Every structure is written in C-alpha cells, then in structure tokens.
Amino acid sequence: MIEARDLCHAYPDGATLRFGDVSVPQGGTLLLRGASGSGKSTWLALAAGLLTPQSGELVVAGQAVAALRAGERDRWRARCIGFLPQKLFLSEALSVADNLALVYFASGLGVDRAAIHGALEALDLGTLAGRKPSQLSGGQAQRVALARALLLRPRVLLVDEPTASLDDASCAAALALLQDGARTTGATLVIATHDARVVRALPDTMTLAFPAPVPEAATA
Ligand code: ADP
Ligand code: MG
C-alpha cells in the first residue's frame, strides 16, 4: 500500500520537484511515467526513505516514512522494501549467493541459506550461485538483483527503469518476472519508466504521470 499526498522534494541548489497524489492498494501496480529528468528516481528514493521530502505525506507499506528515525528507517527499508535500482549494485567481491546473503546482514537477521537457494531457483539462477557478478549476462545480473529484492518478501517492490537496456523479448520477460515476483510475494509493485514498451505491455495499470521538467530559462 502506498499513499502520497502533496509530495514535494527540493534538492540543495536544485529545482523543487512536485509530485501528483497517488493511492495504491496493497498488491497493486503503479507506473511512474515521464521523460528523463522528470523526477521518477527521486520519487522512488522518497518511497524507500532514502530521501526526505521537503513537504507532503507519504505512507508506504502502512508506515508514515517521515515518522521513522534514521536507524529505524534503514531497518524498515531492509525488511519491508525491495529495491531494484537502475544500477544494480552487486558486489564483485562476493558470489551471487553471498550478494543475496547481504540482505540478511542489512536487516539484522540470521542468514537463511535455504531461502537464498529457493530465491535463486525461482528465477532460474540456481546454477549461477557461485559465480561473481562479472560472470553474468546483463539479464542474469538483473534477475539476481530481483531475487535479492524479493528475498525477504517485501511489502513494496520499487523498480527503476528495468527495461532500459533490454531488447523487446527480454523487455517482455523482465516485466513478466517483476509481475510474477510481486504476485507471489503479495508486494505492491512500482515501476519507473520512460519506455513506451512498458506502458503498452501494462495498459490497464495505474499511472502517475511526471510532467517534463521546465527548463530554467523558461521559468526566469
Ligand atoms: P528521472 O528519474 O525521471 O530521470 P530524477 O529523479 O533522476 O529524474 O531527477 C529529477 C531532477 O532532479 C533532475 O532535474 C535531476 O537533475 C535532479 N537531481 C537528481 N538528483 C539530484 C541531486 N542529487 N542533486 C541535485 N539535483 C538532482
Ligand atoms: Mg531515473
């Protein structure tokens, strides 16, 4: 479940971004749609509690994000939010399986090797558990990051531009995996995209439109 009202973010010495209101039921899907620079990644960072809004209300997975103190916020994020960023942040120092194990350390939980194995198997990655991230194809690396994001069965799965570098067949497959993953875990799914293929593939999906940024000169 996600509720956002009058949400507004100001980067230091940057433009102020104002976002439309939205209410997504638990298990629903939301598309954040807009051109590059329109604020989609910023919205995801606000929803994950990685940034603090200048004003407005934001409730994610039943939690008013602003009410969390810094330490609580990290733990809440680790337990309740699955984040699939555009840059995957897989550690090259670790195997695929140990990249998933990091999730447990971040959450203060004991490592569950059986769950890691199950999460990798579910995305057809079982044979790659011992590899390093550089030994994966782009699509495999993205599936590893998805397995990691889903490992603790998050209430909300936030995904940033999942199809940007994918061909048409891989684009459809990636969207199907995201929807399957969200459905199996009961997560609310948020996909930020400027890819028209995603919008075509998910025609009846709730959408939050991000207006194109206004150039500085036009506002002067
Ligand atoms: P999108 O994901 O839709 O491409 P972003 O959320 O990344 O958009 O960026 C929205 C706007 O905020 C852009 O104008 C961008 O330059 C600006 N911005 C993003 N990150 C920062 C930052 N750390 N500091 C200042 N401005 C930023
Ligand atoms: Mg972005």
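An account of the accompanying structure is given in this report. (Residues numbered from 1 in each chain as written. Chains lettered and ligands numbered in written order. Predicted model: local features only at pLDDT ≥ 70, side-chain atom pairs only at ≥ 80, totals over all residues. Heavy atoms only, no water.)

## Notes on the overall build of the protein chain
Thinking step 1. Per the secondary structure count, the protein chain includes eight helices and 10 strands.
Thinking step 2. Counting only C-alpha atoms, the protein chain reaches 55 × 40 × 30 Å along its principal axes.
Thinking step 3. Taken across its 220 residues, the protein chain has 45% of its residues classed as buried.
Thinking step 4. Contacts in the protein chain between residues at least 24 apart in sequence constitute 71% of all its contacts with a sequence separation of at least 6.
Thinking step 5. Carbon and sulfur atoms make up 54% of the accessible area of the protein chain, which amounts to about 10,700 Å² in all. (Helix = DSSP H or I, 4+ residues; strand = E, 2+ residues; numbered from the N terminus. Buried < 20%, exposed > 50% of the residue type's maximum accessible area, 1.4 Å probe, protein only. Contact = heavy atoms within 4.5 Å. Areas by Shrake-Rupley, 256 points an atom, 1.4 Å probe, with all protein chains shown as cover.)

## A few points about the nonpolar core
Thinking step 1. In this structure, Leu100, Ile116, Leu120, Leu157, Leu178 and Ile191 are the most contacted members of the largest nonpolar core, which totals 37 residues.
Thinking step 2. Secondary structure elements with two or more residues in this core: α3 (96-107), α4 (113-122), α5 (138-150), β8 (156-160), α6 (168-185), β9 (188-193) and α7 (196-201).
Thinking step 3. Take this core: its biggest share by element is seven residues, from α5.
Thinking step 4. Those residues in contact with Ile191 that sit more than four places away from it in its chain are Leu30, Leu31, Leu32, Val159, Pro162, Leu175, Leu178, Val198 and Leu202.
Thinking step 5. Core analysis: the second largest hydrophobic core is formed by 27 residues, Leu68, Trp76, Ile81 and Leu208 among them. (Core = buried A, V, L, I, M, F, W, Y, C linked by side-chain atoms within 4.5 Å.)

## Structural notes on the packing of α3 against α5
Thinking step 1. One can describe the packing of α3 onto α5 by two numbers: an axis separation of 9 Å at closest approach and a directional angle of 30 degrees. One way to sum up the angle between α3 and α5 is to call them roughly parallel. Seen along the crossing, α3 lies across α5 with a hand that is right-handed. On α5, the residues touching Val96, Asn99, Leu100 and Val103 of α3 are Val144, Ala147 and Arg148.
Thinking step 2. Of the residues contributing to the contact of α3 with α5, the split by class is five nonpolar, one polar and one charged. (Axes fitted to C-alpha atoms, helices over the stretch in contact; angles between N-to-C directions. Parallel < 35°, antiparallel > 145°, perpendicular 65-115°, else oblique. Left-handed = near helix turned anticlockwise from the far one by under 90°. Nonpolar A, V, L, I, M, F, W, Y, C, P; charged D, E, K, R; others polar.)

## Remarks on unusual backbone geometry
Thinking step 1. A positive phi angle, close to 55 degrees, is found at Asp6, a residue other than glycine.
Thinking step 2. Of note in this structure, Asp13 is not a glycine but carries a positive phi near 45 degrees.
Thinking step 3. With respect to the element layout, Asp13 can be found in the loop between β1 (2-10) and β2 (16-18).

## Things to note about the pattern of salt bridges
As a working rule, side chains carrying opposite charge can pair if their charged atoms are close by.
Thinking step 1. Taken as a whole and judged by the stated rule, the model has seven salt bridges.
Thinking step 2. Arg69 is the partner of Glu72 in a salt bridge, and the nearest nitrogen-oxygen pair spans 3.2 Å.
Thinking step 3. Here Asp98 and Arg113 are joined by a salt bridge, their closest N and O atoms 3.0 Å apart. One end of the pair, Asp98, is in helix α3; the other, Arg113, is in helix α4, and 15 residues separate them in sequence.
Thinking step 4. The exposure class assigned to Asp98 is partly exposed, which follows from its relative accessible area of 27%.
Thinking step 5. On the accessibility criterion, Arg113 (47% relative accessible area) is partly exposed. (Salt bridge = Lys/Arg side-chain N within 4 Å of Asp/Glu carboxyl O.)

Everything listed here is a matter of coordinates, which is why it stays silent on function.
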